[in-house]
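The residues making up each chain are set out below.
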Amino acid sequence: MTTRTEQVEGLIARFPHIPREAVLKEDLLRTGIAFDDSALTDNLEGEVKPKSYFIFSFDQKPLKELGNAAVRRPPEEVALTGGPWELRRTIVSVRTNPDSPYRIGRGEAGALQMSLEGRVIADVGLPPMPEYYRHQLANGKTVMETAPTIQWGYLIYLTVLRLCQYFGAKEECQYCDINHNWRQHKQEGRPYTGVKPVEDVLEALAIIDRYDTARASQAYTLTGGSVTSKVDGLAEADFYGRYAQAIEERFPGRWIGKVVAQALPREDVQRYFDYGIRIYHPNYEVWDKRLFEIICPGKERYVGREEWHRRIFDAAEVFGPRYVIPNFVAGVEMARPFGFGTVEEAIASTAEGLNHFMSRGITPRFTTWCPEPSTPLGKDNPNGAPLEYHIRLLEVYRETLEKHGLKPPPGYGVAGAGNAVFSVSSFMDTLSPEVVTEEEAVGAGA
Ligand code: SF4
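The rules we used
- Residues numbered from 1 in each chain as written.
- Predicted model: local features only at pLDDT ≥ 70, side-chain atom pairs only at ≥ 80, totals over all residues.
- Helix = DSSP H or I, 4+ residues; strand = E, 2+ residues; numbered from the N terminus.
- Rg over C-alpha atoms; globule rule 2.2 N^0.38 Å.
- Buried ≥ 20, exposed ≤ 12 C-beta atoms within 10 Å, placed from the backbone.
- Contact = placed C-beta atoms within 7 Å.
- Near = placed C-beta within 6 Å.
- Nonpolar A, V, L, I, M, F, W, Y, C, P; charged D, E, K, R; others polar.
- Pairing = 2+ DSSP bridges.
- Axes fitted to C-alpha atoms, helices over the stretch in contact; angles between N-to-C directions.
- Expected span 1.5 Å × (residues − 1).
- Arc of directions from axis to C-beta.

### Digging into the overall build of the protein
So, step 1. Looking only at helices and strands, one finds 15 helices and 13 strands in the protein.
So, step 2. Against the compact-globule benchmark of 22 Å for 446 residues, the protein has a radius of gyration of 20 Å, which places it among compact chains.
So, step 3. The principal-axis extents of the C-alpha atoms in the protein amount to approximately 55 × 50 × 45 Å.
So, step 4. Each of the 446 residues in the protein was classed as buried or not, and the buried ones make up 53%.
So, step 5. Long-range contacts, defined here as pairs at least 24 residues apart, represent 75% of the contacts in the protein between residues at least 6 apart.

Structural data, given as structure tokens:
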């Protein structure tokens with residue numbers, strides 16, 4: 001049995017071309033972080049930006065097992081620097097796990113530090129409370145609940161539907177806790193709006209626009225669960241489309257508009273583009289055909305894998321291939337009992353999917369799987385995928401991108417270790433620094 005420290009240092013040594021910051025970040029995302037009380041926030045009353053629970057729980061334990069972290073929220077993200085590995089500034093989304101070997105607390109001098117198995121490995125910076133979180137909507141709702149920002153303030157995350165109509169074991173994606181997360185927040189009496197009224201979203205955005213004087217917020221993502229019948233009398237494309245239309249009418253071009261939705265028919269996608277949305281994420285989740293059918297049974301049943309992929313290419317003709325960025329959940333292809341048994345097989349399959357899209361100019365991206373305990377895959381795999389899988393994925397992702405002459409995808413800020421703000425995987429930390437101008441990021445479509 002090797003210690004976690006030995007595992008991490010062993011991989012840093014074996015993969016010297018992958019930034020050590022990315023190795024650590026992947027391990028933190030799949031494992032979670034324990035917090036001393038002294039490292040928790042004072043929720044919206046303090047100086048540190050709290051974790052907003054912007055869509056999924058992204059915790060490795062249920063709320064009721066988080067101890068004080070369920071009462072005083074942990075920070076939304078942390079910025080790690082220094083330590084024995086001389087880390088460049090690394091932004092990591094917070095996934096809470098009281099049993100994690102990674103812990104954040106205060107050192108003797110009072111400064112926050114991260115330790116691994118008791119040894120200090122990094123200095124910790126916390127996101128300051130943004131001014132716009134200190135203001136409420138006229139109806140008393142908070143900006144944090146209505147329009148939270150992540151990625152160190154770069155991205156406004158608009159989960160306008162906090163439930164998914166894929167319901168139960170035969171439909172829900174097997175790694176996803178969106179419905180469970182909604183239930184646990186409601187049970188705890190937290191404000192957690194199922195369907196966000198358009199007017200609330202516009203009001204929250206107006207507050208952000210007014211108080212984000214440094215213009216740190218550069219993009220918004222419009223998303224939520226899948227709609228298989230109707231919400232507010234509207235089918236999925238119309239439901240999300242009404243927000244896109246309202247936002248772009250009220251704040252034309254103020255932020256880069258992105259939509260994460262199912263792979264929709266071309267005419268619906270065209271409407272999003274016409275409203276002013278510039279980046280579309282029809283997430284394909286996992287590449288392998290057999291695993292897609294098992295892991296995403298609702299998507300397979302209602303749309304089907306082949307049709308999903310075909311619609312990704314249709315969307316590329318509307319937005320331009322560079323602006324269609326389908327996500328996959330890195331690691332679920334190794335989840336027991338159905339996943340690949342070896343890292344080699346899992347990487348070979350994932351690489352096939354990357355080649356399929358990148359050879360046509362479409363740049364997928366990935367989030368690192370968080371094995372949430374209320375999900376079927378999380379229950380069976382509390383430790384997630386092997387860390388080596390995640391590191392080899394970073395390697396093959398960068399190689400494939402370079403092989404096809406592509407640049408880092410737009411809408412994620414600047415790439416490179418020490419620069420990246422994308423906090424739920426380290427793909428941006430691993431790519432070469434490349435300044436993506438706003439003009440290029442919003443593009444002109446096809
Ligand atoms: S489609 Fe799948 S991943 Fe998306 S919210 Fe529904 S269950 Fe979750």
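Right, picking up where we left off after that structure.
### Some thoughts on the site of the ligand
So, step 1. Every residue near the ligand is listed here: Cys 164, Tyr 166, Glu 172, Cys 173, Cys 176, Ile 178, Gly 225 and Ser 226.
So, step 2. Broken down by class, the residue content of the shell around the ligand amounts to five nonpolar, two polar and one charged.

### Thoughts on the environment of Trp 255
So, step 1. Relative to the helices and strands, Trp 255 resides in the loop between α6 (236–250) and β10 (256–261).
So, step 2. For the pair Trp 255 and Tyr 154, spaced 101 residues apart in sequence, the C-alpha separation works out to 9.9 Å.
So, step 3. Aside from chain neighbours lying at most four places away, what touches Trp 255 is Ile 156, Ser 217, Gln 218, Ala 219 and Tyr 220.

### Thoughts on the sheet that holds strand β8 (residues 155–161)
So, step 1. The strand order across the open sheet built from five strands is β7-β8-β9-β10-β11, with neighbouring strands paired in mixed fashion. The strands lining the two open edges of the sheet, one partner per strand, are β7 (149–150) and β11 (279–282).
So, step 2. Here β8 pairs with strand β9 (residues 219–224) via six bridges, running parallel. When the sheet's bridge partners are listed, Leu 161 is paired in β9 with Gly 224.
So, step 3. Packing of α6 onto the sheet brings it into contact with β8, β9 and β10, and relative to β10 it is tilted by some 170 degrees.

### A few points about helix α10 (residues 305–319)
So, step 1. Taking 1.5 Å of rise per residue, 15 residues should cover 21 Å, and α10 covers 21 Å from first to last C-alpha, within 8% of that figure.
So, step 2. Regarding α10, the residues found buried are Arg 305, Trp 308, His 309, Arg 311, Ile 312, Ala 315, Ala 316, Val 318 and Phe 319. The arc that holds every buried residue of α10, seen down its axis, measures 160 degrees, which confines them to one face.
So, step 3. Of the surrounding elements, those touching the buried residues of α10 are α7 (266–275), β11, α8 (289–295) and α9 (297–302).
So, step 4. Directly beyond the C-terminal end of α10, a positive phi value near 95 degrees is found at Gly 320.

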